[in-house]
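Listed below are the residues making up each chain.
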Amino acid sequence: MARDPLIGLVGKPSSGKSTMLNSLTDATAKTGAFPFTTIDPNKATGYLQIDCACARFGKSGQCRPNYGSCKDGKRFVPVMLLDVAGLVPGAHEGRGLGNKFLDDLRHADALIHVVDASGSTDAEGKATSGYDALQDVEWLRGEILRWIEGNLKDKWGSIKRRHTSTKSTAVDTLQNQFSGYGSTAAVVQRCLDRIKLTEPLEQWSDSTIERVVSAFVDEKFPTVLALNKIDHPDADRCIYRITKKYPDLDKIVLTSAISEVFLRRLAKQRYVHYEEGGRGFVTKVEDHENRFDLKEITDERLQIRIDTLRDMLFYRWGSTGVIHALQAAARQLHLVPVFSVRNIHTFTNSATDDAVFKDCTLVKRGTQVGSVVRKIMGDVPVAFVEGVGGVRVSKTDTVNEGKNDILCFKIGH
Ligand SMILES: Nc1nc2c(ncn2[C@@H]2O[C@H](COP(=O)(O)OP(=O)(O)OP(=O)(O)O)[C@@H](O)[C@H]2O)c(=O)[nH]1
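Keep in mind it's a predicted model, so treat the numbers as computed, not measured.

Conventions we followed
- Residues numbered from 1 in each chain as written.
- Predicted model: local features only at pLDDT ≥ 70, side-chain atom pairs only at ≥ 80, totals over all residues.
- Heavy atoms only, no water.
- Near = heavy atom within 4 Å.
- Polar contact = N/O pair within 3.5 Å; in protein donor to acceptor, adjacent residues only side chain to side chain.
- Areas by Shrake-Rupley, 256 points an atom, 1.4 Å probe, with all protein chains shown as cover.
- Helix = DSSP H or I, 4+ residues; strand = E, 2+ residues; numbered from the N terminus.
- Buried < 20%, exposed > 50% of the residue type's maximum accessible area, 1.4 Å probe, protein only.
- 1 Å grid on protein atoms, 1.4 Å probe; cavity = no way out; pocket = protein on both sides within 12 Å on 5 of 7 lines; lining within 4 Å.
- Points joined across faces, edges and corners; volume = space filled by probe spheres on them.
- Nonpolar A, V, L, I, M, F, W, Y, C, P; charged D, E, K, R; others polar.
- Domains from an automatic or database assignment.
- Core = buried A, V, L, I, M, F, W, Y, C linked by side-chain atoms within 4.5 Å.
- Phe/Tyr/Trp six-rings, centres within 6.5 Å; stacked < 30°, edge-to-face > 60°.
- Lys NZ or Arg CZ within 6 Å of the ring centre and 35° of its normal.
- Contact = heavy atoms within 4.5 Å.
- Pairing = 2+ DSSP bridges.

**Q** Got a minute to help me understand the site of the ligand in this structure?
**A** For the ligand, the set of nearby residues contains 14 residues, the closest of which are Ser14, Lys17, Ser18, Thr19 and Asp231. Side-chain polar atom of Lys17 to an oxygen atom of the ligand: 2.8 Å apart, as the coordinates give it. Measuring from an oxygen atom of the ligand, one finds a side-chain N or O atom of Lys229 at 3.1 Å. Protein contacts shield 68% of the accessible area of the ligand, which totals 660 Å² for the unbound molecule. Of all the secondary structure elements, the ones that give two or more residues to the shell around the ligand are helix H1 (17-25) and helix H10 (257-268). With three residues, H1 is the largest single contributor of residues to the shell around the ligand.

This is how it looks when you write it as structure tokens:
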């Protein structure tokens, strides 16, 4: 993944994708536009919350990022989000916006599957009650599998013949087929390793192809389930059923996108003090020392809605969860922030500006420093790289959280 990460929001109609996109993109903290070359209508910039390097060095007061923002050591790093709309059962056969959906999807590096956990919409997004959302988790993955399987099986005869006549490796042959999904040879290798396949490709049966495709989907489209609408009274049942079937809690996040949007709006109108994704909020009644200069809530219906939000969401689930959904997707991609600075001792970029850690780039954990240099500096020649304390860092060293994550590139041959 040499380019910036792209996270796709998928889910059936009315599951809450647009609301989730709004809740992740309308960050009041946002400053400056993010330099993506083309912004499609279905793309938006979201903000991934990370621990900023400024806190490590007691320099939070001087942290003014070029893109995104930083508040008290919590940094909001821009990431691209893609709203992949139009998915219904049968999409791989062209139903709904079928092929358009799948075409959009191939650019995503990770997916957030927005599941309507309230049980109030059926598989097509139509209003109902008591719907079992566990089905959505299963059919959505099934659509992606059948789409890729279908494309592979249609051509399997000629793929096999070519494979034999060119004496290619299984990785090369598969990568030829999977490159259109944004795959790399390393991804294909990992997926074959994952299933420990020893049979030569020309002997693969249909079920072997299915296993390969399933491993490929896990590698190429790591997915987080955002069980949305947890503010709804019927959500408990669905949460129970899904978490029981999928116990990998790192891949499941409970969200209420609408509550996040609502609270941010109230915060803008100064009815509450709320920090995006926070574990609670303050109204004027609780703000005894008038720290936040809030407005009194006089509308009884608004007060009831706020009380309900506290009871149904914050007391029960702790937060609206949307920030965690993005963080969970970033974890699936093993993303680590790298701070590039011009002066490794002051962490600034210029002698006349005391702002620190202005630039932050997300890379995959374990990436070599040389690759980070190429990603950030492009063709600009870099003679050597320094880390904290001015210590030279080898281009073959790797990047990890807190290790080689603050770098200074010295230009020259
Ligand atoms: N109770 C509740 N309702 C929500 C939540 N998120 C979204 N909704 C509601 O669900 C409905 C559908 O939300 P959208 O965001 O338009 O859903 P979508 O998935 O983008 O739908 P399509 O555009 O049809 O694909 C709207 O009425 C939202 O207000 C939530 O967290 N809780």
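**Q** What should I look at first to understand unusual backbone geometry in this one?
**A** Of note, the phi angle at Asp72 is positive, near 50°, even though the residue is not glycine. Here Asp72 shows up in the loop between strand E3 (69-71) and strand E4 (74-83). Of note in this structure, Asp293 is not a glycine but carries a positive phi near 50°. Within the fold, Asp293 resides in the loop between strand E9 (282-283) and helix H11 (300-317). For Asp293, a relative accessible area of 44% puts it in the partly exposed group.

**Q** Where do I start with the layout of surface pockets in this structure?
**A** Think of a ball as big as a water molecule: rolled over the atoms, this probe shows where empty space is left. By volume, the largest pocket amounts to about 1,100 Å³. Of all the secondary structure elements, the ones that give two or more residues to the lining of the largest pocket are helix H4 (134-154), helix H7 (185-195), helix H8 (206-220), strand E6 (223-228), strand E13 (359-364) and helix H13 (369-377). Among the elements that take part in the lining of the largest pocket, H4 stands out by supplying five residues, more than any other. Of the residues contributing to the lining of the largest pocket, the split by class is 17 nonpolar, eight polar and 13 charged.

**Q** What should I look at first to understand the domain arrangement of the chain in this one?
**A** The accessible area lost on association of the parts is a frequent measure of interface size. When cut into domains, the chain gives domain 1 (258-317) and domain 2 (335-411). Centre-to-centre, using C-alpha coordinates, domain 1 lies 40 Å away from domain 2.

**Q** Which parts of the structure should I look at to understand the nonpolar core?
**A** Looking at soluble globular proteins, one finds that nonpolar side chains tend to be buried together. Formed by 44 residues in total, the largest nonpolar core has its most connected members in Met20, Ile112, Leu326, Phe339, Phe357 and Ile406. When residues in this core are grouped by element, the largest group, seven residues, is from helix H12 (residues 322-332).

**Q** Quick question: what am I supposed to make of the packing of aromatic side chains here?
**A** How two aromatic rings sit relative to each other is set out by the distance from centre to centre and by the angle between their planes. Scanning the entire structure with this criterion turns up 10 aromatic pairs. Residues Phe57 and Phe357 carry aromatic rings whose centres are separated by 6.2 Å and whose planes lie at 35° to one another, so their mutual orientation is tilted. Taken together, the positions of Phe57 in the loop between helix H2 (53-56) and E3 and Phe357 in the loop between strand E12 (353-356) and E13 put the pair 300 residues apart, joining distant regions of the chain. Joined through ring pairs, the aromatic side chains of Phe57, Phe339, Phe347 and Phe357 make up one cluster. Stacked on the ring of Tyr271, the Lys or Arg Lys295 has its end atom at 5.0 Å from the ring centre.

**Q** Teacher, can you tell me more about the side chain of Thr255 here?
**A** Structurally, the position occupied by Thr255 is in the loop between strand E7 (252-254) and H10. For Thr255, a relative accessible area of 0% puts it in the buried group. Dropping the residues within four chain positions of it, Thr255 is found in contact with Met20, Ala226, Leu227, Asn228, Lys229, Ile230, Thr320, Gly321, Val322 and Ala325.

**Q** When you look at the pairing of strand E10 (residues 335-340) in this model, what are you seeing that I'm missing?
**A** Here is the key point about a regular strand: its side chains alternate between the two faces of the sheet. Of all the six residues making up E10, six are buried; the element is thus mostly covered by neighbouring parts of the structure. Covered by surrounding structure in E10 are Leu335, Pro337 and Phe339 together with Val336, Val338 and Ser340, the residues of both alternating faces. Relative to strand E16 (residues 406-411), E10 runs parallel, the two being bridged by two bridges. Along E16, the bridge assignment pairs Ser340 with Leu407.

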